[in-house]
Amino acid sequence: MSPGRVALFVTMLAIAVGMLYPFWVMISDSLHTQSQFISGSGFSLGSWRQLSAALPVGRQVLNSTVICSMSIFVILAVGLPAGFAFAKLRFRASSLVFLGIVSAMMVPLQAIVMPEFVNVTRVGLTSGYFGAVLVYAALGTPFSIFLFTTYFRGVPDELVEAGIVDGLGYVGALWRLVVPVAVPAIATVTVLQFIQIWDDLLVGLLFIQNTADRPITVGLAALASGRTTSIPQLMAGSFVSALPAMLVYLGFQRYLVKGLTMGIDR
Amino acid sequence: MAAITFDGVTKIYAGKPAVDSLSLHIDDGEFMVLVGPSGCGKTTALRMLAGLEEITSGALSIGDQVVNNVLPKDRDVAMVFQNYALYPHMSVAQNMGFALKIRGESKAMIAEKVRAAAEILRLSDYLDRRPRALSGGQRQRVAMGRAIVRSPQAFLMDEPLSNLDAKLRVEMRLEIARIQRLLGVATLYVTHDQVEAMTMGDRVAVMRDGHLQQVATPQELYDRPANDFVAGFIGSPPMNLLTTRVSHGADVTLDILGQTISVPTRYAAAFSLPASGEVTFGIRPEDIVIATEGLRARVERCEALGAETLLHLSVNGPGASQHLVAKTGPRTSIVAGDDLSVTFALEHAHFFDVASGATLRAAS
Amino acid sequence: MKARRLTLSQRRQLAGVVFALPALALVIGLIAIPIGQAVYYSFTQWDGITTTWIGTSTWTQAFHNSDLWTALKNNAMLLLWVPIALGLPLAIAVLLHQRVAGWKIFRSIYFLPTAISWVVLGLVAERFFAYQGTLNSILHAVGLSGVTTNMLGSESTALAALGITFVFTMIGTNTMLFLTGLATLDPSLEEAARIDGAGRWRIFRHITLPHLSRFIQLAFVMTVIALFSALFSLIFVMTGGGPGYATTTMEFLIYQTGFSQGQFGTAALYGIILFLITGAVGIIQLRLIGSDK
Ligand SMILES: Nc1ncnc2c1ncn2[C@@H]1O[C@H](COP(=O)(O)OP(=O)(O)O)[C@@H](O)[C@H]1O
Ligand SMILES: [Mg+2]
């Protein structure tokens, strides 16, 4: 290797260290008791052992998982048919409706959070997961529809028509022909939404009233705002919460990249 | 199985008719080829029959049922698409059995029908493959297989051979015709290739700009084209069409740029020629004979095709010339630049109205 | 039977409407209607239960409220970090694009923080900036003990700490975008330029950068939108908007006004302002995506 390449390699190694810093902090800080942490010496697994007393991680990870799954299910259940409709069924004014839905991508939740909160509370959905699921689904649907519509437009019309001549209705054509062909697009939406929803704080904070139903991010934020929080425990909890999204990311990296650069790389 | 009837069927796209009052009857078991240049409305006609396209006006029936508003799945027709449209996520066997599966037939029954169809199409060794792992010809046969396992009321095929290379196309031409005769299902086959039309169809329907020009057997189309368009479209190279001035004497005399040819009355009698004025005189390249005297022409170009030679001739008059193609035998000594004389096998002459293009052949 | 009389295309259109309807209902019910409500409530005295129409006075009051201006100013100050949030990833992407040994592993590592919640990154950042945190250890180690600070604790530095954290959180996404852009660059172009004797910088400046312009635009828009609408988690765990209002941005101001002070109408009004800001940026993004077709 030339000296230039070596310098390059070293630089990249240094950046890698920087990017791994959060993981190092979470792991190393969690391997103390609170007193060891303050004094700056000694190691212990104590914080990990007592983690569930401070933070019901098991329950909260389960909550996060259920909320993510339900939201993604709703997003796919409404997004796939809509994408199919906009790409292949073309009803009157469909391109206008499509434009309207896609524009909703640009609306940040914060801009409408007051009426949203009041509405969802008024219909009594803030007890249990459903309020949060509905809000996540509404926020995730526009992008998913954009992605599915773009993808379905690339599926030849003849594929659908062959199925229809073979005896399928539109529902059958969607589920038995288009959806199986659209697995990469579905994976992209699923992975993007999983990470987005798993990592979110605001919706979980406002739209889930019962402490027991809290997702892990809300649990962490609440724990962090406590006065006597043990930092090693907080870091242990952080690590637990980061793990699932990291694994999903590592497993499906290419779908993530695809979704992120949708519409621009071609 | 059933007959198919287009009765004044029209399709209008954005104010412009793509198919204009098409009336066409396809008998049960008949192989009907719909032929015409690209953009003439063939696909549109086929798609209306499949139920993939709305009919603007007219009535379309399968058997004795008008199907204008019947859903595709209730029409029981099978379609072969130009690009095959195989289901990419299914194996060959699943592709072929899919329509049966939708209709809820038993697994054993489906397997048996797929096996039988695969036998006919010589696909038995490929049943577990995905379409992506097949050659173009094999994909084409799977598309055929998907249609034939269903034993439908009718087969609809839209240029099914146009994505194949020339050799395979000739092979599949025979293959499709053989299978259709074997199964005896009414078939509407769309192509822009007149050779396919002539070799495959029981009858051929020629279309142009959304209008049906003529429906007839291949031989009839060749011998008695209804107008100059059909005459020029069927046959390769196409019929020569010359503008001539007609006059009647003992024989009928045609004036071509100052030169005259006389048509014996016994041949001219089959046509109702005007007493004077212009008519379009049609003669096929194979009906032109090189002779020592006759119509003088200059050889512009010689195309040796092996078994035969095409001579591109020009007939020159004062300030104008007309082009003519003649077909002669192989190994000719004629070269470009030669002057020669030709006569015509006038028993095979055609006459068309100059303005409308319609044949002047008297109704028999 | 009525269904019998529908034509084929009517049936197709009907199916299309039915298929699009659930999504449409979701978007109308949870996004479009709340926008309308927010506009309406911004003209009322509203505590979430009772509304009293008070006309434009909420608006005039709001614009005399120093909190709003502080939040807008904080957002504006944070915008200064956007060039870094783009430049750093661009540099990293260019390094990755050299495809040095193990570059794919580096790529995965660089993108890894993208998967982590900003709640967690905020907690980690807090550890970094804390008095006994990493930053001060580093300063100490390089002999700068004199400048050790508690960045999050001081009004003058807290926003900068937030900006630095923001830059860190954007590195993964933006690097990913730029790397994708670089991958679509035809290598023969660079080669030709090199043969013509162009230096590295000139190649970057005149070939690579113009090629990336669309990706840079998209990254810019996404970064700005994130800055206005995705910092909530970071602020919530790092500073709570403080000290004072030093790190209160528009989105955090909405949360505080509505949920800590119970002034729903004013919070809805702030939401409209945020909506207008991101909407303007969003229109640019739509045009970027749309111009592709
Ligand atoms: N979906 C459509 N919308 C508008 N015009 C169409 C559509 N499909 C076909 N056409 C027009 O109708 C005419 C006939 O097309 P088509 O049936 O595809 O011709 P062919 O199959 O004979 O080549 C063409 O002029 C074509 O441009
Ligand atoms: Mg066609």
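Bear in mind the structure is a predicted one, so any value in this text is a computation, not a measurement.

(A) Region of the structure containing the overall build of chain A. Counting its secondary structure elements, chain A contains 15 helices and 0 strands. For chain A, the C-alpha atoms occupy an extent of roughly 75 × 65 × 35 Å along the three principal directions. Scored against the burial criterion, the 266 residues of chain A give a buried share of 59%. Carbon and sulfur atoms provide 67% of the accessible area of chain A, an area that totals close to 10300 Å². Of note, chain A has its 14 positive side-chain charges centred 4 Å away from the centre of its 10 negative side-chain charges.

(B) Representation of the site of ligand 1. All names here are of chain B. Around ligand 1, the neighbouring residues are Tyr13, Ala18, Ser38, Gly39, Cys40, Gly41, Lys42, Thr43 and Thr44. Contact distances for ligand 1 include 2.6 Å between an oxygen atom and a backbone N or O atom of Gly39. Here an oxygen atom of ligand 1 and a backbone polar atom of Cys40 are 3.2 Å apart. Across the complex, the protein chains shield 57% of the 560 Å² of accessible surface that ligand 1 would expose by itself. A per-class count over the shell around ligand 1 returns 3 nonpolar, 5 polar and 1 charged.

(C) Quick look at the interface of chain A and chain C. In this complex, chain A contributes 89 residues to the contact, which on the side of chain C involves 86 residues. Where chain A abuts chain C, roughly 7700 Å² becomes buried across the two surfaces, and 78% of that area is made up of carbon and sulfur atoms. Linking chain A with chain C are 1 salt bridge, by the criterion used here. Across the chain A-chain C interface, the total number found is 12 residue pairs in polar contact (both at pLDDT 80 or more). The residue makeup of the side of chain A that touches chain C, split by class, is 67 nonpolar, 12 polar and 10 charged.

(D) Structural view of the pattern of salt bridges. Residues and elements named next belong to chain B. The final tally for this structure, using the stated rule, is 19 salt bridges over all chains. In this structure, Arg122 and Glu175 form a salt bridge, with 3.5 Å as the shortest nitrogen-oxygen distance. Separated by 53 residues along the polypeptide, Arg122 in the loop between helix H3 (107-121) and helix H4 (136-148) and Glu175 in helix H5 (residues 166-183) bring together distant segments of the chain. Using a relative accessible area of 8% as the deciding quantity, one classes Glu175 as buried. We note a salt bridge from Lys327 to Glu308, for which the minimum N-O separation is 3.9 Å. Of this pair, Lys327 sits in strand S18 (residues 320-328) while Glu308 is found in the loop between strand S16 (295-304) and strand S17 (309-317), placing the two residues 19 residues apart along the sequence. Under the relative-accessibility criterion, Glu308 is labelled partly exposed at 27%.

(E) Representation of the pairing of strand S2 (residues 16-26) of chain B in the model. Residues and elements named next belong to chain B. Across 7 bridges, strand S1 (residues 4-13) lies against S2 in antiparallel orientation. Paired with Ile12 across the two strands is Pro17, which belongs to S2. In sequence, S1 turns back onto S2 through a hairpin of 2 residues, with Ala14 there showing a positive phi of about 45 degrees.

(F) Quick look at unusual backbone geometry. Residues and elements named next belong to chain B. Omega for the bond connecting Ser236 with Pro237 falls within 30 degrees of zero, at -5 degrees, which places this linkage in the cis form. Counting through the fold element by element, Pro237 comes out in the loop between helix H8 (228-233) and strand S11 (240-248). Residue Arg122 is not a glycine yet carries a positive backbone phi of 55 degrees.

(G) Just the interface of chain A and chain B, in detail. Contact residues are listed per partner, giving 14 residues for chain A and 23 residues for chain B. Buried surface at the junction of chain A and chain B, both sides included, amounts to about 1600 Å², of which 65% is carbon and sulfur. Interface area lost by chain A to chain B is led by Val165(A), Asp166(A) and Arg176(A), which between them contribute 40%. At the boundary of chain A and chain B, one finds 2 salt bridges. Note that Glu161(A) and Arg47(B) form a salt bridge whose closest N and O atoms lie 2.8 Å from each other. One can count 8 residue pairs in polar contact (both at pLDDT 80 or more) joining chain A with chain B. Among the elements of the structure, helix H9 (157-165) and helix H10 (170-181) of chain A are those that each provide at least two residues to the side of chain A that touches chain B. Residues of the side of chain A that touches chain B, tallied by class, amount to 8 nonpolar, 2 polar and 4 charged.

(H) Representation of the sheet that holds strand S6 (residues 77-80) of chain B in the model. Residue and element names in this part refer to chain B. Taken in spatial order, the 6 strands line up as S6-S7-S8-S3-S9-S10 in an open sheet, and their pairing is mixed. The open sheet terminates on both sides in strands that have one partner only, identified here as S6 and strand S10 (211-216). Taking each pair of neighbouring strands and ignoring which way they run, the sheet shows an average axis angle of 15 degrees. Two elements, strand S7 (residues 154-158) and strand S8 (residues 186-191), share 5 bridges in a ladder whose sense is parallel. Considered in S8, the bridge of Ala154 is made with Ala186. Running at roughly 140 degrees to strand S3 (residues 31-35), H5 makes contact with S3, S7 and S8 of the sheet.

(I) The side chain of Thr249(C), seen in detail. Here Thr249(C) shows up in the loop between helix H11 (232-238) and helix H12 (250-260). Ignoring sequence-local partners within four residues, the contact set of Thr249(C) consists of Ala71(C), Asn75(C), Leu78(C) and Ile235(C).

(J) Main features of the domain arrangement of chain B. All names here are of chain B. Splitting chain B by domain gives domain 1 (4-233) and domain 2 (240-352). Centre-to-centre separation of domain 1 and domain 2, based on C-alpha positions: 39 Å. Contacts between the two partners involve 7 residues from domain 1 and, on the opposite side, 5 residues from domain 2. Interface of domain 1 and domain 2: buried area, both sides summed, is about 540 Å²; carbon and sulfur atoms make up 57% of it. When the buried area of domain 1 at its contact with domain 2 is split by residue, Tyr222, Asp228 and Ala231 rank highest and sum to 71% of it. Counting across the domain 1 and domain 2 interface gives 0 salt bridges.

(K) Quick peek at the sheet that holds S11(B). All names here are of chain B. The 5 strands are arranged S13-S12-S11-S14-S20 in an open sheet whose pairing can be described as antiparallel. Two strands in the sheet have a free side with no partner beyond their single neighbour: strand S13 (259-263) and strand S20 (350-352). Strand-to-strand twist across the sheet, computed as the mean angle between neighbouring axes with direction ignored, equals 40 degrees. As judged from the 5 bridges shared by strand S12 (residues 252-256) and S13, these two strands associate in the antiparallel manner. Across the sheet, residue Leu254 finds its bridge partner in S13, namely Ile261.

(L) Layout of the packing of helix H14 (residues 231-251) of chain A against helix H6 (residues 118-129) of chain C. The interhelical angle for the contact between H14(A) and H6(C), taken along N-to-C directions, is 145 degrees, at an axis separation of 10 Å. Our pair here, H14(A) against H6(C), has a crossing hand that is left-handed. Contacts between H14(A) and H6(C) involve Ile231(A), Leu234(A), Met235(A), Ser238(A) and Ser241(A) on the former and, on the latter, Val120(C), Leu123(C), Val124(C) and Arg127(C). Partitioning the contact of H14(A) with H6(C) into residue classes produces 6 nonpolar, 2 polar and 1 charged.

(M) Expanded view of the packing of aromatic side chains. As enumerated under the stated definition, the model contains 35 aromatic pairs over all chains in all. For the ring pair Phe148(A) and Phe152(A), a centre distance of 6.0 Å and an interplane angle of 10 degrees mean the geometry is stacked. One end of the pair, Phe148(A), and the other, Phe152(A), are both in helix H8 (residues 130-153), 4 residues apart, so they sit about a helical turn from each other. Judged by relative accessible area, Phe148(A) falls into the buried class, the value being 0%. Between Phe229(B) and Phe233(B) the ring centres are 5.6 Å apart and the planes differ by 20 degrees, which places this aromatic pair in the stacked class. You can see Phe229(B) and its partner Phe233(B) sitting in helix H8, 4 residues apart, about one turn around the helix. On the accessibility criterion, Phe229(B) (15% relative accessible area) is buried. Taken together, the aromatic side chains of Phe117(A), Phe207(A), Phe232(C), Phe236(C), Phe252(C), Tyr255(C), Phe259(C) and Phe264(C) make up a single cluster linked through ring pairs. The lysine or arginine in question, Arg266(B), covers the ring of Tyr267(B), its NZ or CZ lying 4.5 Å from the ring centre. Over the aromatic face of Tyr222(B) sits the side chain of Arg284(B), whose NZ or CZ is 4.1 Å from the ring centroid.

(N) View of a nonpolar patch on the surface. Residue and element names in this part refer to chain C. A cluster of nonpolar residues, Ile138, Val142, Leu144 and Val147, forms a patch on the protein surface that exposes about 340 Å² of accessible area. Relative to the helices and strands, Val142 resides in the loop between helix H7 (134-141) and helix H8 (158-183). Judged by its relative accessible area of 57%, Val142 falls in the exposed class.

Quick notes on the rules
Residues numbered from 1 in each chain as written. Chains lettered and ligands numbered in written order. Predicted model: local features only at pLDDT ≥ 70, side-chain atom pairs only at ≥ 80, totals over all residues. Heavy atoms only, no water. Helix = DSSP H or I, 4+ residues; strand = E, 2+ residues; numbered from the N terminus. Buried < 20%, exposed > 50% of the residue type's maximum accessible area, 1.4 Å probe, protein only. Areas by Shrake-Rupley, 256 points an atom, 1.4 Å probe, with all protein chains shown as cover. Lys, Arg positive; Asp, Glu negative; His and termini not counted. Charge placed at Lys NZ, Arg CZ, Asp CG, Glu CD. Near = heavy atom within 4 Å. Polar contact = N/O pair within 3.5 Å; in protein donor to acceptor, adjacent residues only side chain to side chain. Nonpolar A, V, L, I, M, F, W, Y, C, P; charged D, E, K, R; others polar. Contact = heavy atoms within 4.5 Å. Buried area = accessible area lost by both parts, 1.4 Å probe. Salt bridge = Lys/Arg side-chain N within 4 Å of Asp/Glu carboxyl O. Pairing = 2+ DSSP bridges. Axes fitted to C-alpha atoms, helices over the stretch in contact; angles between N-to-C directions. Domains from an automatic or database assignment. Left-handed = near helix turned anticlockwise from the far one by under 90°. Phe/Tyr/Trp six-rings, centres within 6.5 Å; stacked < 30°, edge-to-face > 60°. Lys NZ or Arg CZ within 6 Å of the ring centre and 35° of its normal. Patch = residues over 30% accessible without salt bridge, like charges linked within 9 Å, V, L, I, M, F, W, Y side chains within 5 Å.

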